[in-house]
Amino acid sequence: MLKPDPCPSSPITIIGGGLAGVEAAWQAARRGVRVRLYEMKPRRFSPAHQSPLLGELVCSNSLRAEALENAVGLLKEEMRRLGSLVMAAAQATRVPAGKALAVDREAFAAHLTGALEQEPLVEIIREEVTELDTRRTTIVATGPLSSAALAAALAQVTGSEHLHFYDAIAPIVAADSLDMSKVFRASRYGVGDDYLNCPFNEEEYAAFYEALMAAEQVPLKSFEEPRYFEGCLPLEVMAARGYLTLVYGPLKPVGLIDPHTGRQPFAVAQLRQENREGTLYNLVGFQTKLKYGEQERVFRLIPGLERAEFVRLGSIHRNTFIRSPGLLSSHLNFREYPRLFLAGQISGVEGYVESAAMGLLAGINAARQAGQKPLVAPPRPTALGALVGHLTNTATQDFQPMNVNFGLFPPLPERTPKKLRGAAHAARALAELEAWQKEMEE
Ligand SMILES: Cc1cc2nc3c(=O)[nH]c(=O)nc-3n(C[C@H](O)[C@H](O)[C@H](O)COP(=O)(O)OP(=O)(O)OC[C@H]3O[C@@H](n4cnc5c(N)ncnc54)[C@H](O)[C@@H]3O)c2cc1C
C-alpha cells in the first residue's frame with residue numbers, strides 16, 4: 001500500500017527529455033497529471049547530443065524492424081496501442097528503409113518537442129538536475145550519457161555503483177558526393193531498393209581490410225575498460241577477429257546483385273537513407289573508434305566513396321546504466337524508494353524503442369501513483385512485460401542492457417513450429433495487452 005503523497009497537488013518530476021522522458025511526460029499528461037520535465041540541453045550537452053530538441057536520436061535514424069513477427073516490431077505495436085507519442089512522431093516523419101521504421105531525425109525530434117510544448121500539463125525546464133528527492137514522484141530518464149552529477153546522485157540513492165561501457169556512432173555521408181557509377185540501389189533479395197550498395201571486388205576488399213587494420217584508433221582513457229555490445233561492435237574490433245569476419249557481418253553481399261556486373265560482389269558496404277530529403281546516408285554497421293582523419297582515409301577506400309563528403313564521423317561514448325534486478329520493481333520504481341522511477345536506457349534496456357517503451361510504463365505508473373491508484377505491470381507474454389522481466393530478473397548473473405527479443409518471452413507451447421513462433425508470440429502478446437488495457441481502465 002502506498003503512503004499518501006506528501007504534496008498531492010504537486011506535479012511529477014521527469015529528469016531527461018530523451019526518448020524515455022518525452023514518452024513518460026506524454027503518458028502522464030494524457031492521464032491528467034501535471035509534469036515538470038527537466039532537460040539540461042541546450043545549456044549542457046552530453047558527448048553525443050547536438051540538438052536542443054527533445055527526443056534526439058544520437059546515432060542511427062532507424063527504429064528497427066516493423067514486422068509483428070519480430071520482437072521489436074511487436075513492441076512498437078504495443079506502444080502504438082497504448083497511445084505512444086514516440087510512435088506517432090515516427091509515423092509522421094518516416095523515411096524509406098525497407099522493412100525497418102526509419103525517421104528523419106530532425107523532423108522526429110521537432111515533432112516530439114512541439115507536442116510537449118503545446119501540452120498545457122507539461123512544463124519544460126531547461127536545467128541540469130544534480131540531486132534527487134526520493135519523497136516526490138520522480139522519473140529518472142537521463143539516458144546512457146547521464147550527467148556525472150546526476151549519475152553520482154543516483155548511485156548514492158541506490159547504494160549501487162553505476163557502470164559504464166561503450167557504444168559507437170557510425171559516419172554519415174552526403175548523397176551527392178557518392179560515385180553513382182559504382183554504387184547501386186537495392187535491398188537484399190530484391191525486395192525493394194531502399195539501400196545504396198557499395199560493391200567490393202576481392203582486391204578492393206583486401207586493400208580496405210589492410211588499411212582498416214593499420215588505422216590509428218582513439219586511445220582509451222585510463223578509467224575506460226572496453227566492453228562492447230555484440231550487436232554494436234566497432235567495425236575495427238569485428239575486423240580484428242578475422243580477415244573474412246566483415247564479409248559475414250556488416251559487409252555481407254548475400255542477396256545483392258551488382259547491376260553493373262550482373263554478379264554478387266565479394267563484399268558490400270550498405271548505406272541507409274538518413275533524412276527525408278535523401279541527401280544524407282549513414283554507413284550501416286560502421287560504428288567505429290578510429291581517429292577522424294583515419295576514418296576519412298580508410299572509408300574512402302570503399303568503392304563509390306572515394307570522394308565522399310563525411311558530414312558526421314564515427315565516435316565512441318560512455319554508456320551508464322543501473323544494475324536493476326533486485327533494485328527495481330516490475331512497476332519500474334525502486335523497491336526501497338517507491339516514489340523514484342527509472343526509465344530508458346539507464347534502467348537497463350538497450351535501444352531507442354526499448355528506452356521509449358520503459359518511459360511509457362514509468363509515465364503510466366508515476367501518473368497512477370500521483371492519482372493514488374495501484375501501480376500496474378504489463379503481462380509477461382507482452383514485449384513490454386518481457387523487457388520488465390529482464391530488468392527484474394534476479395537470476396541474471398552478469399546483467400547487461402538488452403534489446404527486446406523473443407528469448408525474453410515466456411516459452412510458447414513446444415509444438416509451435418519454428419517458422420510460426422514470431423506470429424504466435426505476437427498473437428498471444430496482443431491478446432494479453434488488450435485484456436491488460438481493459439483492466440487498467442476499470
Ligand atoms: C553513442 C550512442 C549511440 C547509440 N545508438 C543507438 C542506435 O543507433 N540505435 C538504438 O536503438 N539505440 C542506440 N543507443 C542506445 C539508446 O537507445 C539511446 O541512447 C537512447 O536515446 C536512450 O534513450 P533515453 O531516453 O534513455 O536517453 P536519451 O535519449 O539519451 O535522453 C536522455 C536525456 O537526458 C538529458 N540529461 C542527462 N542528464 C541530465 C540531467 N542531469 N538533468 C537534465 N537532463 C539530463 C540528456 O541531455 C538527454 O536529452 C545509443 C546510445 C549511445 C550512447
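Residues numbered from 1 in each chain as written. Predicted model: local features only at pLDDT ≥ 70, side-chain atom pairs only at ≥ 80, totals over all residues. Heavy atoms only, no water.

Enquirer: Help me out: how do you make sense of the site of the ligand in this one?
Expert: The local shell around the ligand holds 34 residues, among which Glu39, Val129, Gln345, Gly351 and Tyr352 are the closest. Between the ligand and Gly351 there is a distance of 3.1 Å, counted from an oxygen atom to a backbone nitrogen or oxygen. The backbone of Tyr352 places a nitrogen or oxygen atom 2.8 Å from an oxygen atom of the ligand. Isolated, the ligand exposes 980 Å² of accessible area, and the fraction of that covered by the protein chains is 97%. Put simply, the parts of the chain that give the shell around the ligand at least two residues each are helix 1 (19–30), strand 8 (163–169) and helix 9 (352–370). The residue inventory of the shell around the ligand, partitioned by class, reads 14 nonpolar, 14 polar and six charged. (Near = heavy atom within 4 Å. Polar contact = N/O pair within 3.5 Å; in protein donor to acceptor, adjacent residues only side chain to side chain. Areas by Shrake-Rupley, 256 points an atom, 1.4 Å probe, with all protein chains shown as cover. Helix = DSSP H or I, 4+ residues; strand = E, 2+ residues; numbered from the N terminus. Nonpolar A, V, L, I, M, F, W, Y, C, P; charged D, E, K, R; others polar.)

Enquirer: Hey, could you run me through the sheet that holds strand 5 (residues 100–103) in this one?
Expert: Across a sheet, strands are paired by hydrogen bonds formed along the backbone, either parallel or antiparallel in direction. With antiparallel pairing, three strands are arranged side by side in an open sheet as 3-5-4. Two strands lie at the open edges of the sheet, namely strand 3 (62–65) and strand 4 (94–95), each paired on one side alone. Pairing analysis gives two bridges linking strand 4 to strand 5, with the strands arranged antiparallel. What sits directly across from Val95, in strand 5, is Ala102. Across the sheet, helix 2 (residues 71–81) lies against strand 3 and strand 5, angled at about 115 degrees from strand 3, the strand it touches most. (Pairing = 2+ DSSP bridges. Contact = heavy atoms within 4.5 Å. Axes fitted to C-alpha atoms, helices over the stretch in contact; angles between N-to-C directions.)

Enquirer: I'm lost on the environment of Leu178 in this one. Help?
Expert: You can see Leu178 is positioned in the loop between strand 9 (172–174) and strand 10 (184–185). For Leu178, the contacting residues outside a window of four places in its chain are Val173, Leu196, Leu271, Gly304 and Leu305.

Enquirer: How do you make sense of the state of the cysteines when you look at a structure like this?
Expert: Such a bond, covalent and formed between the sulfur atoms of two cysteines, is termed a disulfide. Scanning all chains against the criterion turns up zero disulfides. Of all cysteine sulfurs, the one in Cys59 lies closest to Cys198, which takes part in no disulfide; the gap is 18 Å. (Disulfide = S-S within 2.5 Å.)

Enquirer: Where do I start with the confidence of the model for the protein in this structure?
Expert: Detailed conclusions should not be drawn from predicted coordinates in areas where pLDDT is low. Per-residue confidence for the protein averages 90 on the pLDDT scale, and 91% of its residues sit at or above 70. Confidence drops under a pLDDT of 50 for residues 1–8, and excluding neighbours within four residues, the segment shows 13 contacts in the predicted structure. (pLDDT = per-residue confidence, 0-100.)

Enquirer: Help me understand the packing of aromatic side chains in this model?
Expert: Geometry of an aromatic ring pair is reported as the spacing of the ring centres plus the angle between the planes. Inspection of every chain in the model, using the stated rule, returns ten aromatic pairs. Where Phe208 meets Phe286, the ring centres are 6.4 Å apart and the plane angle is 40 degrees; that geometry is what we call tilted. Of the two residues, Phe208 sits in helix 6 (residues 202–214) while Phe286 sits in the loop between strand 13 (280–283) and helix 8 (292–299), which places them 78 residues apart along the sequence. Three or more aromatic residues joined by ring pairs form one cluster here, namely Phe200, Tyr205, Phe208, Tyr209, Tyr243, Phe266, Phe286, Phe299 and Phe310. Seen from the ring of Trp26, Arg30 lies directly overhead, with NZ or CZ sitting 4.3 Å from the centre. (Phe/Tyr/Trp six-rings, centres within 6.5 Å; stacked < 30°, edge-to-face > 60°. Lys NZ or Arg CZ within 6 Å of the ring centre and 35° of its normal.)

Enquirer: Looking at this structure, how should I read the sheet that holds strand 10?
Expert: If you trace the six strands from one edge of the open sheet to the other, you get 10-11-12-13-9-14, paired in antiparallel fashion. Looking at which strands have only one partner, the edges of the open sheet turn out to be strand 10 and strand 14 (310–312). Note that strand 11 (residues 196–200) and strand 12 (residues 267–273) share five bridges and pair antiparallel. By the bridge assignment, Leu196 is partnered in strand 12 with Leu271. Along the sheet face, helix 6 touches strand 11 and strand 12 and points at about 95 degrees away from the line of strand 11.

Enquirer: Is there a simple way to explain a nonpolar patch on the surface in this structure?
Expert: A cluster of nonpolar side chains, Tyr189, Val191 and Val254, forms an exposed patch at the surface whose accessible area comes to about 300 Å². Along the chain, Val191 falls in the loop between strand 10 and strand 11. Judged by its relative accessible area of 49%, Val191 is partly exposed. (Patch = residues over 30% accessible without salt bridge, like charges linked within 9 Å, V, L, I, M, F, W, Y side chains within 5 Å. Salt bridge = Lys/Arg side-chain N within 4 Å of Asp/Glu carboxyl O. Buried < 20%, exposed > 50% of the residue type's maximum accessible area, 1.4 Å probe, protein only.)

Enquirer: Explanation requested: the domain arrangement of the protein in the structure shown.
Expert: For an interface, size is often stated in terms of accessible area lost upon the parts coming together. By domain assignment, the protein separates into domain 1 (12–162 + 322–441) and domain 2 (168–318). In this complex, domain 1 contributes 25 residues to the contact, which on the side of domain 2 involves 18 residues. In this assembly, domain 1 packs against domain 2 so that about 1700 Å² is buried in total across both faces, 45% of it on carbon and sulfur atoms. Applying the counting rule to domain 1 against domain 2 returns zero salt bridges. Taken together, the links from domain 1 to domain 2 amount to six residue pairs in polar contact (both at pLDDT 80 or more). At the level of elements, strand 4 and helix 4 (105–117) are the ones that each hand at least two residues to the side of domain 1 that touches domain 2. Its residues assigned to classes, the side of domain 1 that touches domain 2 comprises 13 nonpolar, seven polar and five charged. (Domains from an automatic or database assignment. Buried area = accessible area lost by both parts, 1.4 Å probe.)

Enquirer: It is not clear to me how the nonpolar core should be interpreted in this structure. Could you clarify?
Expert: In terms of nonpolar packing, the biggest core is built from 91 residues, with Leu75, Phe108, Leu116, Leu132, Ile139, Leu332 and Met358 touching the most fellow members. The greatest single-element share of this core, amounting to twelve residues, is contributed by helix 9. Each residue touching Leu332, except ones within four places of it in the same chain, is listed here: Leu340, Phe341, Leu342, Met358, Leu361, Ala362, Val388 and Leu391. Membership of the second largest hydrophobic core comes to 34 residues, among which are Leu178, Leu233, Leu251 and Leu283. (Core = buried A, V, L, I, M, F, W, Y, C linked by side-chain atoms within 4.5 Å.)

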